[in-house]
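Analysis of the macromolecular model
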Amino acid sequence: MDSSELYHVKQQFVLGAYKSLIDLSLPDPNSPDYTPTLVYQARSHIALNDPKAALQLAPTGSENVALKAVVALAKFVAAEEAADDKEALLEELRDLSLEIDGDDVEGTERDKATVRVLAGTAFARAGEVEEALETLGADTEDLEAVFVIVQIYLSINRPDLAKKEYERSKRWAEDDLLLQLIESIIGLSTGKDENPSLSSPHVLTARGVTRILRNEFSEAKSDLDESLEQHKNDPDALAASAVASGLVSTKKSEADVDELWARLASQYPTHPSVVDVAKKSDLFDEAMAKYTVPAIASAA
Amino acid sequence: MSVMLTKFESKSNRVKGLAFHPTQPLLAAGLHNGSIQLWNYRMGVLVDRFEEHEGPVRAVQFHPSRALLVSGADDYKIKVWDIRPQNRRCLFTLHGHLDYLRTTQFHHEMPWIISCSDDQTIRIWNSTSRNCIAVLTGHSHYVMSAFFHPKDDLVVSASMDQTVRVWDISGLRKGSPNTGPGNFETFDTFSTVKYVLEGHDRGVNYATFHPTLPLILSAADDRTIKIWRMSETKAWEVDSCRGHFNNVSAALFHPKHELIVSCGEDKTVRVWDLAKRTAIQTFRREHDRFWDLAAHPNLNLFAAGHDSGLIVFKLERERPAFAVHQNTLYYIRDKYVRAYDFETASDIGLLSVRKFGSPYVPPRTLSFNPAENAVVITIASDNGLYELTTLPKPSSAQGGELKDSSVDGKRGSGTSAIFVARNRFAVLNKTTQIIEVRDTSNSVVKTIKPPVQTNEIFYGGTACLILSSTASVVLYDIQQQKTLAEVNSPPVKYVMWNADSSVVALMSKHTITIANRNFSQHSLIHETIRIKSGAWDDAGVFIYSTLNHVKYCLSQGDHGVICTLDNPVYLTRVKGKTIYCLDRSARPRTITFDPTEYRFKLALLKNNYEEMLYIIKTSTLLGQSIIAYLQQKGFPEIALHFVQDTNTRFELAIECGNLDVAVETAESIDRPDCWERLAQQALKQGNHKIVEKAYQRTKNFDKLSFLYLATGSTDKLSKMQKIADARGNPMSRFHNALYAGDVMSRISVLRDVGMYPLAYLTAKNHGLEELAEEILEAAGLSAADVDDVPSFGQSTRKPPPAINPTTDLIWPSLSAGENFFDRALASGSLENGIEPTYVNGDAAAAGSLAALDDWAKDEEVHEDIDPEEGGWDLDTGGEFSASHDNAVEEVEEEEELGAGAAPGISEVEHWVRNSPLAADHVAAGSFDTAMQLLNRQLGVVNFEPLKPIFLSIYRSSHTYLSPVASLPPLQLHIRRNPSESAPSKVLPVAARSLQSIRSEFADGARDVAGNRLVEAQATFRSVLKALLLVVLTSDSEAKQWRDMVTSAREYLLGVSIELERRRVAQEEPDNTKRNLELAAYFTHCQLQPVHMQIALRSAITVFRKANNSAHAARFAKRLLELKPDAKIVATARQTVAAGERNPRNAVEISYDEFTSFEICAASFTAIYKGSPSIQCPYTNASFLPQFKGSLDPLSRVD
């Protein structure tokens, strides 16, 4: 059983309240909570796309596998941005995830589970879906791993498998916030929706997205606006807000759409929606080229 | 994806070493518990176990030509075993290694064994002298593998020291003078390190030579497989294969194809392209790490050992795709379509299909269409593809390159595709569960939702399909779209129709269902061994092949073996005594066999006696089985004709009541029990002469006498009396006397045996007083002594007289049993029996082809109607959603969770499938199909102005969320029916609604009123564009849509005319005529009254200025009809009055308001009723014919 502090940290992380999590002070280095809290903080930094801060946070030379893994993930994310060689870092994570099967590693079971989740995350980021799933394990009993697995399944359009994984985890997992979250994420993709009702910018964004999916565009817009107020440039909130504005379809909202898109496109040129729309634009030109346009009919 | 098919699997302790026997279906497995298993992988049985090693056996290998096995284990010992069952034993043990053995191998020609060990050495042993003849030192860590080169005097070894080494051992062959043990120094002169291959950055587990090329493959703990090339002088790394995410245990070259197979501790077996070094396929196990791999030297077979057993698998389906038409077999070998003539055995290539699907996957099925000389081929790669191609004339293929199917092939995705008519083929898409019927130009003419979860489709006779489902097969009528019949069966894999399409064989893995044309009758055959293929014999017998037999099966379900097979074959046709088939490498072969047995059985079934007789006359080969069969089936009389053994003949003869044969055989057997049974049978049939004979033979006097009595044969009875006399048997004598009615004789018997009282009375009763006295006397009595004996009077008893001369007759019997055969066999009239004629088996008989054509014609009629329907036809839309109501719930396929999850169908694909609306296709990002729809439905060609709308709709239909920290955000799709969760009904959100467009239209109208015509023109144009991509959900919305398109068109036209008029007024002030015309036309646009007033007032002003008072007055009158403001009314009245005063027009203009007209939207001139015009397919705006093919200046998109 986790201490209440650690429980809180974990909840914060799951809810995506990364900022407030980072602001927490670390427990005593000898406390059993120390390493997990540190790992969550480092992960929060990475989640906020600030791997350098994560690297500063993590002590160098630690033999703890979870810390090693989080450092590797931070380096990996940093390398992705710098377009450096990521293969070596993936190898490191590969080694770590093999190592934890052995006996002589430093770290608790929780640490080992964290290694799998972090390695799985990196593999998924690198597009190594198969390896990610293998690493996370088909028979895992770690909800965080299930969460990652479910998202991977959803990203490859297998909501059926995601549901199966969720059903499976319900058999062994206790009712947990994470479990509810998993259920609602599956719901978002398949049409059976949940209504998360907690307030952190992340959750607000999630609720906004949920409402978009429920065709409640004005309500979605207000959620997303609030989320953007709290966390100014959250890419998902920006993207969702643009979508919601577009669907509200009033004169004013149309101007908003363009503004929001411009913001998203300039700040997050690699956000999948930006990349995707750019791709579609090219696709349009390609498809259009198949039709020859005759001259405009005119009397002249 | 190519296929990995598991052929055999066993559970055991961890398998560390594996080896295939080069010729027999044997596999040796070295286990972690010290045991060596010998499996027959074809039969799936454990043949033997050798258990003398202590500790894990990592090394096993068969001798290339002798029945020997060499093994090495953790007990440091190498053992050589004789594996013949009769003298299975360990022949000898080689000692010398100082640590665990890793691999062992026999040399291909020399009596050498190579071994390697954790003691860092490789040793070569002479298996004759059983001495170590070389020690190869140099590795600085465990040596994990060491193998001889298949031809040259080389050895390749892999070690934990991260190197692969190639050793030259040619010195060894020259013969070593020193073969004694213990003198290691000398060995090194015979073997030298040739190359040290460095590149792996962890220990190397395995290294092997290519069977023919100068290549080496190595597998290492750094998770890579490396390919090395060597020349005479050097060796270098070529490339690496990356993908395993744990230690690679072993990697092999495919013995025949350019492939690499590897396995590792990441629980996978992987296949790689040797040329491109890319991963082709992964085979995964849930919990077991793989430790060893073996390849069969000749067959497409591999074995892999893992934590809890071993698997034997092959890499690709070997069943070649083929189809038979008349005398030609069309089949695919090495990705070429070939034609084989059954009669001339000519075999030519026709077409290359190399570019179709994955290069590693052979096509799965081929369907041939004789009318078009075309084929439809399917392949399993890329989730299933089909290709329709015409075959070139065989003559044109002679010399030069063969045509490649990519030249004119029409492709699409689909798992199963077959021709169903001369110019129609059906394609099944398994994931969407839709069957499309397509014509030869590959366009869909009909879409079918199969009534059951369909895995494969087959030709089902004219206009029918056979649908193979998980637990049944369905006969489905394409035209009526309904199920005709359903038969329970395991999943059907192949279907074969007989020659006249009256019977069909439905083949599953272990069953064959033989059904008639409409499935109303069927029979089922079970096979324990896997069924591979089948073909119909000319005579209507189904011949099929299993893994190791060719068998036949009759329609009522009888089956039997024709011959055994060494390797599976795929039957293509059976004619006479020849089976035509394709072997595993798709080469045509023939097998000659004796069809007598099944032909005979068939004839028997059909009561075809001539055929049976012919067989009886001509064949010699009829064993016990057929007799047993005949007997069992109730045809003993027929069996009789095949029996030589007299005992059996007798039995059969008795059984079928053939007394002649029974007597004949009984005589030769001559045993009492036979005669007795014969007597019984003969008695049953009333043939007393035979009964008599049998009784005589068995000396059954009592019964014989009784028989004579029964038949009234008095002579014989008296004879019997004599015999009885001779035998001195008083009882018999008495019987006979009694039967014969011979009183004297009776008395005589009684007297002889001393029964005087009876003798006396008998005599007395028959009035033989004298004799009675005599008896009395003889008994020493007088008449007085017998006073008390009552007098019985004269007895009249005597045997009845014979009325019929039964003695000479036998009971008449029906001649049913001994009909045709006996007659035929006896008369010899069919001595030279005529062989019955057979029909040739053709894929499609002429008659059925004609029927197909008729059906196809029907289809064509439908097709002609189709193009008329299009556009925003919401009736079609309604039908569309209705058809979903009977959509089958998607059967949830049981799929294992885990790393092997294949990507599914994305939401956007569902959108595209579920909607015929361009807007929905745009939302799905399928711009291509959206454009096609717009082009087809509304004639849109200029898409440029639509780009912002396309992109904004697409953008508005998707949103993103990052649930898991640091993972890329998940794309979510916004639906307009959020409560819907069935994938077949989901639709994207409607980004633009009619409502919002209507408000935009109103803006435009306001601009008109406010005289902001340029803005208004832009707004209406934008409205027209937006209307192209709006989602309509009901008929009333469709009507509103049409109205709005029309209004927008009219306003746009009006505004454009007015703008043109202003331009003319400004730029060509002298052109009053044009000015007036345009003003007049403007009033003929359909505008709302308030806007119409503006148009009319403008016209009045212009016309009055030009002194065309008559026209002006007309406009004023029209204005008055609209009931304008009082002020305007006043001006209008003045104009009317002026017109009446002076009803003239100063300027002659082309304007006839009394004939109805359209306005050409390009030239702004009137097109009067009856004049030719063309319409814009979208807005219906009219144009002069000269503008045909130009862009609509109003919407600018058509």
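By the naming in an unreviewed UniProt entry, chain B is Coatomer subunit alpha, taken from Gymnopus androsaceus JB14. Its UniProt record gives chain B the following Subunit (unreviewed entry) comment, quoted word for word: "Oligomeric complex that consists of at least the alpha, beta, beta', gamma, delta, epsilon and zeta subunits." Under the heading Function (unreviewed entry), UniProt records this for chain B: "The coatomer is a cytosolic protein complex that binds to dilysine motifs and reversibly associates with Golgi non-clathrin-coated vesicles, which further mediate biosynthetic protein transport from the ER, via the Golgi up to the trans Golgi network."

Going by what an unreviewed UniProt entry lists, chain A is known as Coatomer subunit epsilon and is assigned to Gymnopus androsaceus JB14. The UniProt entry for chain A carries the following text under Sequence similarities (unreviewed entry): "Belongs to the COPE family."

To continue, consider helix α9 (residues 659–669) of chain B. All names here are of chain B. For α9, the complete set of buried residues consists of Leu659, Val661, Ala662, Val663, Thr665, Ala666 and Ile669. Elements in contact with the buried residues of α9: α8 (646–656), α10 (672–685) and α11 (688–697). Aspartate 670, located one to two residues past α9, shows a positive phi value of around 55°.

Our focus in this paragraph is the sheet that holds strand β31 (residues 336–341) of chain B. All names here are of chain B. Spatially, the five strands line up as an open sheet ordered β29-β30-β31-β32-β36, and their pairing is mixed. Of all the strands in the sheet, just β29 (322–325) and β36 (403–404) have a single pairing partner and so form its edges. As paired strands, β29 and strand β30 (residues 328–333) are joined by four bridges and run antiparallel to one another. Within β30, the position partnered with phenylalanine 322 by the bridge is tyrosine 331.

Tallying the contact residues gives 78 residues for chain A and 78 residues for chain B. Together chain A and chain B conceal approximately 6,900 Å² of surface at their shared face, both sides included; 61% is due to carbon and sulfur atoms. Contact with chain B buries surface across chain A, with A:Gln151, A:Phe284 and A:Tyr291 losing the most and accounting together for 11% of the total. Counting the contacts that link chain A with chain B gives ten salt bridges. B:Lys267 is the partner of A:Glu134 in a salt bridge, and the nearest nitrogen-oxygen pair spans 3.7 Å. Sort the elements by how many residues they give to the side of chain A that touches chain B and helix α16 (residues 272–288) of chain A lands first, with eleven residues. The class makeup of the residues in the side of chain A that touches chain B is 39 nonpolar, 17 polar and 22 charged.

Residue and element names in this part refer to chain B. Strand order in the open sheet made by the four strands is β1-β28-β27-β26, with antiparallel pairing throughout. For this open sheet the edge positions go to β1 (5–11) and β26 (290–295), each flanked by a neighbour on one side alone. Each neighbouring strand pair of the sheet contributes to a mean axis angle of 20°, computed without reference to strand direction.

To continue, consider the environment of A:Glu131. If you trace the backbone, A:Glu131 turns up in helix α8 (residues 129–136). A:Glu131 gets classed as buried once you look at its relative accessible area, which sits at 3%. In the structure, A:Glu131 is positioned 37 residues away from A:Arg94 in sequence and 9.4 Å away in space, judged by C-alpha atoms. Ignoring any residue separated from it by four or fewer positions in sequence, one finds A:Glu131 in contact with A:Arg94, A:Phe123 and B:Phe245.

Residues and elements named next belong to chain B. Two elements in contact, helix α12 (residues 701–711) and helix α13 (residues 714–727), have axes separated by 9 Å at closest approach and are oriented at 160°. By the angle between their axes, α12 is roughly antiparallel relative to α13. In the packing of α12 onto α13, the handedness of the crossing is left-handed. Residue-level contacts link Phe701, Leu704, Ser705, Tyr708 and Leu709 of α12 to Lys716, Leu717, Met720, Ile723 and Arg727 of α13. Here the residues of the contact of α12 with α13 sort into seven nonpolar, one polar and two charged.

Below, the discussion takes up the pairing of β31(B). All names here are of chain B. In this structure, β30 lies alongside β31, joined through six bridges in antiparallel fashion. Bridge assignment links arginine 333 to a residue of β31, and that residue is tyrosine 336. Counting the residues that bridge the hairpin from β30 to β31 gives two residues, and of these aspartate 334 lies at a positive phi of roughly 50°. Relative to strand β32 (residues 347–352), β31 runs antiparallel, the two sharing five bridges. Each residue of the ladder has a partner; that of arginine 338, found in β32, is glycine 349. Where β31 folds back on β32, the antiparallel hairpin that results is connected by five residues, among which alanine 345 adopts a positive phi of roughly 60°.

So, on to the pattern of salt bridges. Between side chains of opposite charge, pairing is possible as soon as their charged atoms come close. This model, assessed by the stated rule, comprises 73 salt bridges over all chains. Between B:Glu1067 and B:Arg1063 there is a salt bridge, with its nearest N and O atoms 2.8 Å apart. One end of the pair, B:Glu1067, and the other, B:Arg1063, are both in helix α27 (residues 1035–1067), four residues apart, so they sit about a helical turn from each other. Taking relative accessible area as the criterion, B:Glu1067 reaches 53% and is therefore assigned exposed. Looking at B:Arg1063, the relative accessible area reads 32%, which means it is partly exposed. Each of the salt bridges in this network shares a partner with another, and the network as a whole consists of A:Glu87, A:Glu91, A:Arg94, A:Asp95, A:Glu131, B:Arg202 and B:Arg223.

Attention shifts here to the packing of helix α9 (residues 143–155) of chain A against helix α11 (residues 177–190) of chain A. Residues and elements named next belong to chain A. Interhelical geometry of α9 versus α11 gives an angle of 5° and a closest axis separation of 10 Å. Here α11 runs roughly parallel to α9, going by the angle between their axes. Residue-level inspection shows Leu143, Glu144, Val146, Phe147, Val150 and Leu154 of α9 in contact with α11, the latter providing Leu178, Leu179, Leu181, Ile182, Ile185, Ile186 and Ser189. Class assignment of the residues belonging to the contact of α9 with α11 gives a composition of eleven nonpolar, one polar and one charged.

With that settled, consider the packing of aromatic side chains. Residue and element names in this part refer to chain B. All chains considered together, the criterion is met by 32 aromatic pairs over all chains. Between phenylalanine 147 and tyrosine 206, the aromatic rings sit 5.4 Å apart at their centres with planes inclined by 55°, giving tilted as the arrangement. Placement of phenylalanine 147 in strand β14 (residues 143–148) and of tyrosine 206 in strand β18 (residues 204–209) is noted, with a sequence separation of 59 residues between them. The exposure classification of phenylalanine 147 matches that of tyrosine 206, with both residues buried. The ring of tryptophan 291 is capped by lysine 16, whose NZ or CZ atom sits 4.0 Å from the centre of that ring. In this structure, lysine 234 is placed above the aromatic ring of tryptophan 236, and the distance from its NZ or CZ to the ring centre is 5.4 Å.

Thresholds, definitions, all that
- Numbering of residues begins from 1 in every chain and follows the order in which that chain's sequence is written.
- Chains carry letters from A onward and ligands carry numbers from 1 onward, assigned in written order.
- Since the coordinates come from a predicted model, pLDDT governs what is reported: local features require at least 70, and pairs of side-chain atoms require 80 or more to be given and counted, while whole-chain, interface and lining totals use all residues.
- To obtain the side-chain values, all non-hydrogen atoms of the structure were used and water was disregarded.
- UniProt positions are given in the numbering used here, feature names are shortened, and annotations may be inferred rather than shown by experiment.
- Remark: exposure states derive from per-residue accessible area (1.4 Å probe, protein chains only) relative to the maximum for the residue type, with buried under 20%, exposed over 50%, and partly exposed in between.
- The helix and strand labels rest on DSSP assignments: H or I over at least four residues marks a helix, E over at least two residues marks a strand, and numbering proceeds from the N terminus.
- The contact criterion used is simple: two residues touch if any of their non-hydrogen atoms lie within 4.5 Å.
- Two strands pair under a simple rule: DSSP has to find at least two bridges between them.
- Values labelled buried area give the accessible surface lost by two parts on being combined, using a 1.4 Å probe and summing over both.
- Any carboxyl oxygen of Asp or Glu that lies within 4 Å of a side-chain nitrogen of Lys or Arg is treated as forming a salt bridge with it.
- Each residue is assigned to one of three groups, with Ala, Val, Leu, Ile, Met, Phe, Trp, Tyr, Cys and Pro labelled nonpolar, Asp, Glu, Lys and Arg labelled charged, and all others, Gly among them, labelled polar.
- The axes used here are C-alpha line fits, helices contributing only the stretch in contact, and every angle between their N-to-C directions lies in the interval 0 to 180 degrees.
- Comment on the angle field: the value is read as roughly parallel under 35 degrees, roughly antiparallel over 145, roughly perpendicular from 65 to 115, and oblique elsewhere.
- It is the rotation of the near helix from the far one that decides the hand of a crossing: anticlockwise by less than a right angle makes it left-handed, clockwise makes it right-handed.
- When two rings of Phe, Tyr or Trp (its six-membered ring) have centres within 6.5 Å they constitute a pair, described as stacked for plane angles under 30 degrees, edge-to-face for angles over 60, and tilted for the intermediate range.
- As a reminder, the over-ring test applies to NZ of lysine and CZ of arginine, requiring each to be within 6 Å of the ring centre and within 35 degrees of the ring normal.

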